[in-house]
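One-letter residues, chain by chain:
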Amino acid sequence: MNNNNNNSHEEEEDQRKKESLDSRFNQTLKNVQGLLKGRSIPGKVLLTRRPDPLDDSGLQDRSPSYQRSFSENDAGTSDDMDKSTERGVRNTNNSDSNTIVNKLKPSTSNIEIAATEVQKSSMGARATDSARVTKFTRELSGQIVILDRLRELAWNGVPPYMRPNIWRLLLGYAPPNSDRREGVLRRKRLEYLDCIAQFYDIPDTEKSDDEINMLRQIAVDCPRTVPDVAFFQQEQVQKSLERILFTWAIRHPASGYVQGINDLVTPFLVVFLSEYLEGSIDSWSISDLSSENISNIEADCYWCLSKLLDGMQDHYTFAQPGIQRLVFKLKELVRRIDEPVSRHMEDQGLEFLQFAFRWFNCLLIRETPFHLVTRLWDTYLAEGDALPDFLVYIFASFLLTWSDKLQKLDFQELVMFLQHLPTHNWTYQELEMVLSRAYIWHSMFNSSPNHLAS
């Protein structure tokens, strides 16, 4: 009898704890939803606007082996940050406001911590401020670069002139040991030249029918790549894209060429060209470069594309199962975060595959103004192997930017709106807010996947 009473008492206690956890989690979720609608958040979390200089460290990186954190040493110091603004979400009960989330465990207390800080700032203050440049310089100056620390810095944006070297390091194309770096890059660039000679620079009579058809498709897609940027309409640029894509496809027969991969080359091409061409991309001409420089740029693009796609191979194999899996996760995440939007889209018969498939296929390049793409990719590459899962949170944040608008549209209007999103006037501030929300939601949900279950 006593055993029965004890068991009953323990079950009641467990039930009370579970109800308490669920209640606290739901309250935290409501708080974040309030933030998204621009309301002040009650209780521990406050939405404030600060007049003091920006805390430039912003959203630090997340990977299985380290954490994101905020540091006062990263504060912006420029006097000309006329357009810099900030929204910070603070945990007023936490005396150490510099640390946001320490390897979150699946507990509600950690989920509450996840919403402690969000920043909104201009890219000028974030990536090129002197304190951040000093930090990047210090990390890159050692004989061996500590990649975890470099990822933490890069998550918030990389100074443009440092971007080529940092992207090579983040992707594992260039080795962290500075003594080996030059030799490895030279060898890889020669290997790319060998591939061009072996696969591309041969007559069609020596290519298979499948290879000829694939090359034709690539030749059709290259002129369609970033059509609103004149630079990509240059014939030599399209030839470079063609060589990179065809060589990649030949050496990755499991997927071959898939439409959309052409878009993924463009950030690499722009970043590595910036080492040789100055000024705005609108004034660039690839014909100003020597054939050796063009070859080196193509090689860097090829190897970095290969490194990027190695982490998401099933996104481009037959039926693209990796993308379908992530679209399903996106649907479940949106349902949990913003149930009215989810329900409205379902009532209208709109499937997430109808719009989100392209997002995952092209990594939002077609939805984002091109001048913001490299900033977005700083965060992508800083995520490393964790990128595919984090994309779900970025895309949920991107979609729910228009939460109120979406709920007013019928099926046809939803399709048209999501195919032509009003992002053409976006600045770095809108992009930073998308990334900030994604970081919060990842902190809340990724360690507690059961909260995404029905």
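Residues numbered from 1 in each chain as written. Predicted model: local features only at pLDDT ≥ 70, side-chain atom pairs only at ≥ 80, totals over all residues. Heavy atoms only, no water.

### Observations concerning the overall build of the protein chain
Logical step 1: Broken down by element type, the protein chain carries 19 helices and two strands.
Logical step 2: Per-residue burial over the protein chain gives 54% buried out of 454 residues.
Logical step 3: Considering only residue pairs separated by 6 or more positions, the protein chain has 75% of its internal contacts joining residues 24 or more positions apart. (Helix = DSSP H or I, 4+ residues; strand = E, 2+ residues; numbered from the N terminus. Buried < 20%, exposed > 50% of the residue type's maximum accessible area, 1.4 Å probe, protein only. Contact = heavy atoms within 4.5 Å.)

### Details of the pattern of salt bridges
Logical step 1: Within the structure shown, the criterion is met by 18 salt bridges.
Logical step 2: Among the ionic pairs, Asp 300 bridges to Arg 168, the shortest N-O distance being 3.0 Å. In this pair, Asp 300 is assigned in helix 11 (residues 291-310) and Arg 168 in helix 6 (residues 163-170), connecting sequence segments 132 residues apart. Here Asp 300 and Arg 168 have matching classes, each one buried.
Logical step 3: Between Arg 343 and Glu 339 there is a salt bridge whose closest N-O contact spans 2.3 Å. Of this pair, Arg 343 and Glu 339 both sit in helix 13 (residues 339-347), separated by four residues, roughly a single helical turn.
Logical step 4: Look at Arg 343 and you get partly exposed, because its relative accessible area is 42%.
Logical step 5: On the basis of relative accessibility, which here comes to 36%, the residue Glu 339 falls in the partly exposed class.
Logical step 6: Each of the salt bridges in this network shares a partner with another, and the network as a whole consists of Arg 168, Arg 189, Glu 275 and Asp 300. (Salt bridge = Lys/Arg side-chain N within 4 Å of Asp/Glu carboxyl O.)

### Section: the nonpolar core
Logical step 1: If you look at the biggest cluster of nonpolar residues, it comprises 119 residues, and the most contacted ones within it are Phe 232, Phe 268, Phe 360, Trp 377 and Tyr 380.
Logical step 2: Not counting the four nearest positions on each side in its chain, Trp 377 is found in contact with Trp 167, Leu 264, Pro 267, Phe 268, Leu 308, Leu 363 and Ile 365. (Core = buried A, V, L, I, M, F, W, Y, C linked by side-chain atoms within 4.5 Å.)

### Looking at the packing of helix 9 (residues 235-251) against helix 10 (residues 261-273)
Logical step 1: Close contact between helix 9 and helix 10 brings their axes to 10 Å; oriented N to C, the two are set at 120 degrees. One way to sum up the angle between helix 9 and helix 10 is to call them oblique. The crossing of helix 9 and helix 10 is right-handed. Across the interface between the two elements, Val 237, Leu 241, Ile 244, Leu 245 and Trp 248 from helix 9 touch Ile 261, Asn 262, Val 265 and Leu 269 from helix 10.
Logical step 2: Grouping the constituent residues of the contact of helix 9 with helix 10 by class yields eight nonpolar, one polar and no charged. (Axes fitted to C-alpha atoms, helices over the stretch in contact; angles between N-to-C directions. Parallel < 35°, antiparallel > 145°, perpendicular 65-115°, else oblique. Left-handed = near helix turned anticlockwise from the far one by under 90°. Nonpolar A, V, L, I, M, F, W, Y, C, P; charged D, E, K, R; others polar.)

### A short note on the environment of Glu 211
Logical step 1: Tracing the backbone through its elements, the reader meets Glu 211 in helix 8 (residues 209-221).
Logical step 2: Take Glu 211: its relative accessible area is 23%, and that puts it in the partly exposed class.
Logical step 3: Measuring from C-alpha to C-alpha, the distance between Glu 211 and Phe 199 comes to 9.4 Å, with 12 residues separating the pair along the chain.
Logical step 4: In this structure Glu 211 touches Phe 246 and Ile 250, once residues within four positions along its chain are discounted.

### So, the packing of aromatic side chains
Logical step 1: Scanning the entire structure with this criterion turns up 22 aromatic pairs.
Logical step 2: Here the aromatic rings of Trp 155 and Tyr 439 are separated by 6.4 Å at their centres, their planes lie at 70 degrees, and the arrangement is edge-to-face. On the criterion of sequence distance, the pair formed by Trp 155 in the loop between helix 5 (147-154) and helix 6 and Tyr 439 in helix 19 (residues 428-445) is long-range, its members being 284 residues apart.
Logical step 3: Plain terms: the ring middles of Phe 268 and Phe 272 are 6.4 Å apart, the flat faces sit at 10 degrees to each other, and that makes the pair stacked. Residue Phe 268 and its partner Phe 272 are located together in helix 10, separated by four residues, close to a single helical turn.
Logical step 4: The structure contains a cluster of three or more aromatic residues connected by ring pairs, namely Phe 352, Phe 355, Trp 359, Phe 360, Phe 395, Phe 398, Trp 402, Phe 417 and Trp 426.
Logical step 5: We note Lys 188 situated over the ring of Trp 303; from NZ or CZ to the ring centre the distance is 4.1 Å. (Phe/Tyr/Trp six-rings, centres within 6.5 Å; stacked < 30°, edge-to-face > 60°. Lys NZ or Arg CZ within 6 Å of the ring centre and 35° of its normal.)

### Some points on helix 7 (residues 178-200)
Logical step 1: Here helix 7 contains 23 residues, and its C-alpha end-to-end distance of 32 Å stays within 8% of the 33 Å for a straight helix at 1.5 Å per residue.
Logical step 2: Those residues of helix 7 that sit buried are Arg 181, Val 184, Leu 185, Lys 188, Arg 189, Tyr 192, Cys 195, Ile 196 and Tyr 200.
Logical step 3: On its buried face, helix 7 is in contact with helix 6, helix 8, helix 9 and helix 11. (Expected span 1.5 Å × (residues − 1).)

### A short note on the environment of Ile 261
Logical step 1: Mapped onto the fold, Ile 261 is located in helix 10.
Logical step 2: The buried category is assigned to Ile 261, whose relative accessible area is 0%.
Logical step 3: Note: C-alpha distance between Ile 261 and Asn 361 (100 residues apart in sequence) is 7.6 Å.
Logical step 4: With sequence-adjacent residues up to four places away left out, Ile 261 is seen in contact with Leu 245, Trp 248, Gly 256, Leu 305, Leu 309 and Tyr 316.

### Structural notes on the confidence of the model for the protein chain
Logical step 1: This prediction gives the protein chain a mean pLDDT of 80; 70% of its residues lie at or above 70.
Logical step 2: Below a pLDDT of 50 lies the segment residues 31-125, which in the model reaches 240 contacts outside its immediate sequence neighbourhood of four places, other chains included. (pLDDT = per-residue confidence, 0-100.)

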